[in-house]
Amino acid sequence: MDTQIIDGKAAALALREELRQKVEADGLSPCLATVLVGDDPASAVYVRSKSRAAEKIGIAIRDHHLSAGTTQQQLSDLMASLNDDSQVNGILLQLPLPDHLDEEQLLGSIHPDKDVDGFHPVSLGRLVRGQPGLRSCTPAGCIHLINSTGVAMSGADAVVVGRSNIVGKPVALMLLENNATVTVCHSRTRDLQDVVSRADILVAAVGRPEFIPGDWIKPGAVVIDVGINRLDDGRLVGDVATEQAMGRAAHITPVPGGVGPMTIAMLMSNTIDAYLMQTGQSG
């Protein structure tokens, strides 16, 4: 079997161009506020990449870079100010935060309608109930990539390896929204190989390098590898042993260049959806 590589970079670029055209054609004026606390180099790179992507699409950016010594109250006050600003449609609080700050409280302080990361308990609750709302970016990107293969999720056996609040749980719920039959696996799952080998669609989000051997993959499966792990030799690998899976999977995401680029693209999509929702326009 010839395994097709799911090109996340191409899919993300196509979505971003689609969003740019929508903003231009419909005269939209969405605005995204980013909040970066401290001087973590990786976080600074992430914020810059998100800001550049937004500007190319036509999303206005308000960057807030605060010192590492910013207090909980100061950051809470900024969140409240951004919530109250009708010109700001989305709020992105870059993680991780310095240790002295209460991450959960601050994420929970963002208004759900401006929660473009999709981390707020209300956002997750809307997903559980099947209500419209802003969805977590990485899981939404996974669903977008599965759709790009043309493989139907309805009726498929889907297995999610990993149960985090950021990826595992929400992507399982999104697969259910698409009428897949979903099994969520974790560290205490018995006979993991047997469960994985039944998956028509496999989403690996466990955070362990090449944790899933290629010979566990069901022939013809769609494999979405969310993991990105750096080995001692500097190489980046996913949670699936990709080379071993070649020839078994029908479609597989590479690492890097698979799910990662979709996360920023879905953030941009969420920002536009938030703008449309707040201005009373249909998506």
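Residues numbered from 1 in each chain as written. Predicted model: local features only at pLDDT ≥ 70, side-chain atom pairs only at ≥ 80, totals over all residues. Heavy atoms only, no water.

Right, let's get into the pairing of strand β6 (residues 181-185). Here 5 bridges tie strand β5 (residues 157-161) to β6, and the two strands are oriented parallel to one another. Across the sheet, Val-159 pairs through a bridge with Thr-183, a residue of β6. (Pairing = 2+ DSSP bridges. Helix = DSSP H or I, 4+ residues; strand = E, 2+ residues; numbered from the N terminus.)

Between helix α2 (residues 41-57) and helix α10 (residues 259-278), the least distance of the axes is 10 Å, while the angle of their chain directions is 55 degrees. In this view, α2 runs oblique relative to α10, as classed from their interaxial angle. Classified by chirality, the crossing of α10 by α2 is right-handed. Only Ile-264, Leu-267, Met-268 and Ile-272 of α10 make contact with α2, whose side of the interface consists of Ser-49, Lys-50, Ala-53, Ala-54 and Ile-57. In terms of residue class, the contact of α2 with α10 is built from 7 nonpolar, 1 polar and 1 charged. (Axes fitted to C-alpha atoms, helices over the stretch in contact; angles between N-to-C directions. Parallel < 35°, antiparallel > 145°, perpendicular 65-115°, else oblique. Left-handed = near helix turned anticlockwise from the far one by under 90°. Contact = heavy atoms within 4.5 Å. Nonpolar A, V, L, I, M, F, W, Y, C, P; charged D, E, K, R; others polar.)

The pairing of strand β2 (residues 31-37) with strand β3 (residues 60-66) spans 7 bridges and is parallel. Opposite Thr-34, over in β3, you have Asp-63 as the bridge partner. Tracing the backbone out of β2, into α2 and back to the parallel element β3 gives a crossover that is right-handed. (Right-handed = clockwise from strand over helix to strand, strands pointing away.)

With that settled, consider the side chain of Asn-270. Note that Asn-270 resides in helix α10. Polar contacts involving the side chain of Asn-270 include one to the main-chain carbonyl oxygen of Arg-135, which spans 2.8 Å. In this structure Asn-270 touches Val-116, Leu-134, Arg-135 and Cys-137, once residues within four positions along its chain are discounted. (Polar contact = N/O pair within 3.5 Å; in protein donor to acceptor, adjacent residues only side chain to side chain.)

Scanning the model with the defined rule gives 9 salt bridges in all. Arg-198 is paired through a salt bridge with Asp-194; the nearest N and O atoms lie 2.6 Å apart. By relative accessible area, Arg-198 is classed as partly exposed at 43%. Across the salt bridge formed by Arg-235 and Asp-233, the nearest N and O atoms sit 2.9 Å from each other. On the basis of relative accessibility, which here comes to 44%, the residue Arg-235 falls in the partly exposed class. Here Asp-233 falls in the exposed class, since its relative accessible area comes to 53%. The network of salt bridges with common partners includes Glu-17, Arg-20 and Glu-24. (Salt bridge = Lys/Arg side-chain N within 4 Å of Asp/Glu carboxyl O. Buried < 20%, exposed > 50% of the residue type's maximum accessible area, 1.4 Å probe, protein only.)

Time to look at the sheet that holds β6. The 6 strands lie next to each other as β1-β11-β8-β7-β5-β6, forming an open sheet whose pairing is parallel. Of all strands in the sheet, those bounded by a partner on one side alone are β1 (4-5) and β6. As paired elements, strand β8 (residues 222-225) and strand β11 (residues 251-252) share 2 bridges and run parallel to each other. Its bridge partner being in β11, Val-222 is matched across the sheet by His-251. Against the sheet, helix α7 (residues 168-177) contacts β5, β6 and β7 (201-204), and its axis sits at roughly 170 degrees relative to β5.

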